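# Structural description and commentary
One-letter residues, chain by chain:
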Amino acid sequence: MAITTLLFDLDGTLIDSNSLIMASYSATLEKYMGRVYEQEELLPFIGPPLKDVFENIDSARAEEMIAAYREHNLEHHDAYVEAYPYVAETLQQLKQAGFKLGIVTTKVRDTAERGLRVCGLGGLFDVVIGYDDIEHAKPHPEPVLKGLAALGSEPGEAIMIGDNYHDIESGKSAGTLTAGVAWSIKGKQSLLAYAPDYMLEDIRDLFEIVKEETDAENGKLSR
């Protein structure tokens, strides 16, 4: 099937919110755990849902810590986040070309939509699937499958794109093609270990990828 649908993770994929995420974790953990966490200790927390992270740290105070994290995150949100280079214009061109675009994130939907607006990406996506829209977060296939259902798309005509292994695993389990992004804060090699179908060095690589997939579907040789 030719590619018609592109599903994206948000943080670390389309918008650079890594500094905000690290600062929010750092402030919360210093308050509750009584020490400063090094960046290397915080990196594994980027990607999974907040509930999973904080329950693994202190299950008794997890909800309290989530609330503190979100308070810090929202207070500083707009000053930190920005779209990665070429994201806005690439997405605009893909949308104009008729591709269906969706967000599949572990953020709650309101915060995800706020990030899209702040970064000038509001109105580009046909669906936003947030943590509050699903029962099982990535790497479970449910969020990807829910995004596909909302768009009226089949897995075989979609690519799931993200900066974390959760995105690759979720897409594979749902039956989509997958693409990692080389600008992942965890490093390109960490994603290659999960064998995505593609690795984007630049968001604009998507133009060539969808062309290749369409040419292959039409029986043409790809470049």
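A quick note: this is a predicted structure, and the numbers were derived from the prediction, not measured.

## Overview of helix α4 (residues 62-80)
Here α4 contains 19 residues, and its C-alpha end-to-end distance of 25 Å stays within 8% of the 27 Å for a straight helix at 1.5 Å per residue. If you look at α4, its biggest bend is around 35 degrees, right at Leu74. Every buried residue belonging to α4 is among Ala62, Met65, Ile66, Ala68, Tyr69, His72, Asn73 and His77, and all of these are buried. Among the structural elements, α1 (18-33), α3 (50-58) and α6 (109-118) are those in contact with the buried residues of α4.

## Side note on the packing of helix α7 (residues 142-151) against helix α8 (residues 165-174)
Running from N to C, α7 and α8 cross one another at 60 degrees; their axes reach a closest spacing of 8 Å. Relative to α8, α7 is oriented oblique. Crossing hand, α7 versus α8: right-handed. Here Pro143, Val144 and Leu145 of α7 lie close against α8, whose contacting residues are Ser170, Gly171 and Ala174. Taken together, the residues of the contact of α7 with α8 sort by class into four nonpolar, two polar and no charged.

## Comments concerning the nonpolar core
Leu6, Phe8, Leu14, Leu91, Leu121, Phe125 and Ile161 are the most contacted members of the largest nonpolar core, which has 33 residues in total. Mapped onto this core, the elements with two or more residues apiece are β1 (5-8), α5 (87-96), β4 (100-104), α6, β6 (158-162), β7 (177-181), β8 (198-200) and α10 (205-217). Here this core gets four residues from one element, more than from any other, and that element is α5. Sequence-distant contacts of Leu91, that is, excluding residues within four places in its chain, are made with Phe8, Leu14, Leu101, Leu121, Leu124 and Phe125. By size, the runner-up hydrophobic cluster in this structure holds 17 residues, among which are Tyr32, Tyr37, Val53 and Ala68.

## Details of the pattern of salt bridges
Within the structure shown, the criterion is met by eleven salt bridges. Residues Glu201 and Lys188 are paired through a salt bridge, measuring 2.5 Å at the closest nitrogen-oxygen approach. Taken together, the residues Glu201 in the loop between β8 and α10 and Lys188 in helix α9 (residues 188-192) connect sequence positions 13 residues apart. On the basis of relative accessibility, which here comes to 48%, the residue Glu201 falls in the partly exposed class. Overall, the relative accessible area of 30% leaves Lys188 in the partly exposed class. The salt bridge partner of Asp202 is Arg204, with a shortest N-O separation of 2.8 Å. You can call Arg204 partly exposed: its relative accessible area is 37%. Here the salt bridges do not stand alone but share partners, grouping Asp9, Lys138 and Asp167 into one network.

## Description of the sheet that holds β1
The parallel open sheet is built from six strands, whose spatial order is β5-β4-β1-β6-β7-β8. The open sheet has two edge strands, β5 (127-129) and β8, and neither has a second partner. Neighbour to neighbour, the strand axes of the sheet diverge by 25 degrees on average, direction disregarded. With three bridges joining them, β4 and β5 adopt parallel strand pairing. The residue bridging Gly102 from the neighbouring strand is Val127, located in β5. Each of β1, β4, β5 and β6 touches α7; the most contacted strand, β5, lies at about 160 degrees to it.

Conventions used here
- Residues numbered from 1 in each chain as written.
- Predicted model: local features only at pLDDT ≥ 70, side-chain atom pairs only at ≥ 80, totals over all residues.
- Heavy atoms only, no water.
- Helix = DSSP H or I, 4+ residues; strand = E, 2+ residues; numbered from the N terminus.
- Expected span 1.5 Å × (residues − 1).
- Bend = angle between axes of the 7 residues up to and from the residue.
- Buried < 20%, exposed > 50% of the residue type's maximum accessible area, 1.4 Å probe, protein only.
- Contact = heavy atoms within 4.5 Å.
- Axes fitted to C-alpha atoms, helices over the stretch in contact; angles between N-to-C directions.
- Parallel < 35°, antiparallel > 145°, perpendicular 65-115°, else oblique.
- Left-handed = near helix turned anticlockwise from the far one by under 90°.
- Nonpolar A, V, L, I, M, F, W, Y, C, P; charged D, E, K, R; others polar.
- Core = buried A, V, L, I, M, F, W, Y, C linked by side-chain atoms within 4.5 Å.
- Salt bridge = Lys/Arg side-chain N within 4 Å of Asp/Glu carboxyl O.
- Pairing = 2+ DSSP bridges.

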